[in-house]
Amino acid sequence: MRIGHGYDVHRMISDRKLIIGGVCIPFSKGLEGHSDADVLLHAISDALLGAAALGDIGEHFPDSDDKYKGISSIEILKTVGDILNKSGFSIVNIDSTVIAQAPKLSPYIDEMRKNIAEALSLDAFCVSVKATTEEHLGFTGTGDGIAAHAVCIIE
């Protein structure tokens, strides 16, 4: 068994959709990034790649390559799953936390879990997504950005 950890953060900006866990969430701001900036799926992708010692998403999907501009992070996650499978690994479980003062994410958690599980051909029982605030502290607490942590076990 191998354990991986992933972390990602993106700045909040106006005039952009907010996509977290493959869910488009109604909100006045979105996340800045080269792809769709799905902070949760990026953290999960990095955790999976890290557990397998196969680099990170910046290595596999560089933001200097225009073919990845605007790419859906669900597609990134599917590709990461394929990379792991081709390398002989299987995913045991994923546990993740999104850190955002706003919006409230609890209404979207089940759909996020479903999206992640489907992208990786897992049972949703193997995927945990949680959300928390930082009580108005730091860049996430002031609403300047959203962060996510993910850990996984692969074998």
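Placed above this text is the structure.
Just so we're clear, the structure is a prediction, and the values are computed from it rather than from any experiment. (Residues numbered from 1 in each chain as written. Predicted model: local features only at pLDDT ≥ 70, side-chain atom pairs only at ≥ 80, totals over all residues. Heavy atoms only, no water.)

**Quick word on the packing of helix H1 (residues 39-51) against helix H3 (residues 73-86)**
Across the interface, H1 lies against H3 with an axial gap of 9 Å and an inter-helix angle of 10°. With respect to their mutual orientation, H1 and H3 come out roughly parallel. For the pair formed by H1 and H3, the contact residues are Leu41, His42, Ile44, Ser45, Leu48 and Leu49 on the first element and Ser73, Ile74, Ile76, Leu77, Val80, Ile83 and Leu84 on the second. For the contact of H1 with H3, the per-class residue count stands at ten nonpolar, three polar and no charged. (Axes fitted to C-alpha atoms, helices over the stretch in contact; angles between N-to-C directions. Helix = DSSP H or I, 4+ residues; strand = E, 2+ residues; numbered from the N terminus. Parallel < 35°, antiparallel > 145°, perpendicular 65-115°, else oblique. Contact = heavy atoms within 4.5 Å. Nonpolar A, V, L, I, M, F, W, Y, C, P; charged D, E, K, R; others polar.)

**A few points about the sheet that holds strand S4 (residues 29-31)**
On the basis of which strands lie adjacent, the open sheet formed by five strands has the order S4-S1-S7-S5-S6 and mixed pairing. Whereas interior strands pair on both sides, the edge strands pair on one side only; in this sheet they are S4 and strand S6 (127-132). Across the sheet, the mean angle separating the axes of adjacent strands is 20° when strand polarity is ignored. Both strand S1 (residues 2-14) and strand S7 (residues 145-154) contribute to a ladder of ten bridges, which runs antiparallel. Looking at S7, one finds that aspartate 8 is bridged to alanine 148. Strand contacts of helix H4 (residues 109-119): strand S5 (91-99) and S6, with the helix running at about 145° to S6, the strand carrying the most contacts. (Pairing = 2+ DSSP bridges.)

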